[in-house]
Amino acid sequence: MMKTDADVFEDLSELTGHAFLKDYKVVGLSASSKEVAAEMKKMYKLAFDFYFTDETTLKTMIRANPGVMVLDRGTITHKVHHNDLDDLKENLNLQ
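Since the structure is predicted, the reported quantities are computational estimates derived from the model, not experimental observations.

This next bit is on the packing of aromatic side chains. Under the criterion given, the structure shown has two aromatic pairs. Each ring, one from Phe48 and one from Phe50, has its centre 5.3 Å from the other, and the planes form 50°; the classification is tilted.

Now the structure itself:
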């Protein structure tokens, strides 16, 4: 069973599409199985790969499920809950 708000993945797909156009590299981190990640990728037409990480580590990194982090040379520049994706789009000019 997934512990994520699956409805937001449509918004994430749109956001990451804009990010790719701006030459951002996008990856997903998940504590779910490869099968679940592959199913989500297919279901929501996500154009990025998922990598497995420990659930506790992931919760420590970002306290939202799903959430988005933006890094610039290893430094976190933005970290948002999925409810704030519109703010992130505006801040990164991803319209």
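This paragraph deals with the environment of Lys25. For Lys25, the location among the structural elements is in the loop between helix H1 (9-21) and strand E1 (28-30). Each C-alpha atom of the pair Lys25 and Val36 lies 22 Å from the other, and the pair is eleven residues apart in sequence.

Structurally, Phe9 is set in helix H1. Dropping the residues within four chain positions of it, Phe9 is found in contact with Thr4, Met40, Tyr44, Leu46, Phe50 and Pro66.

Pairing geometry for strand E3 (residues 67-72) and strand E4 (residues 75-81), over six bridges, is antiparallel. Opposite Gly67, over in E4, you have His81 as the bridge partner. Where E3 folds back on E4, the antiparallel hairpin that results is connected by two residues, among which Arg73 adopts a positive phi of roughly 50°.

Quick notes on the rules
Numbers given to residues run from 1 along each chain, matching the order in which its sequence is written. Only residues with pLDDT of 70 or above have their local features reported here, since the model is predicted, and side-chain atom pairs are shown and tallied only from 80 upward, although totals for entire chains, interfaces and linings are computed over all residues. To obtain the side-chain values, all non-hydrogen atoms of the structure were included, while hydrogens and water were left out. The criterion for an aromatic pair is that two Phe, Tyr or Trp rings (for Trp, the six-membered ring) have centres within 6.5 Å, with stacked assigned to planes under 30 degrees apart, edge-to-face to planes over 60 apart and tilted to the rest. Going along the chain from the N terminus, every DSSP run of H or I of four or more residues is numbered as a helix, and every run of E of two or more is numbered as a strand. Working rule for contacts: check all heavy atoms of both residues, and any pair within 4.5 Å makes them a contact. Any two strands with at least two DSSP-identified bridges between them are counted as paired.

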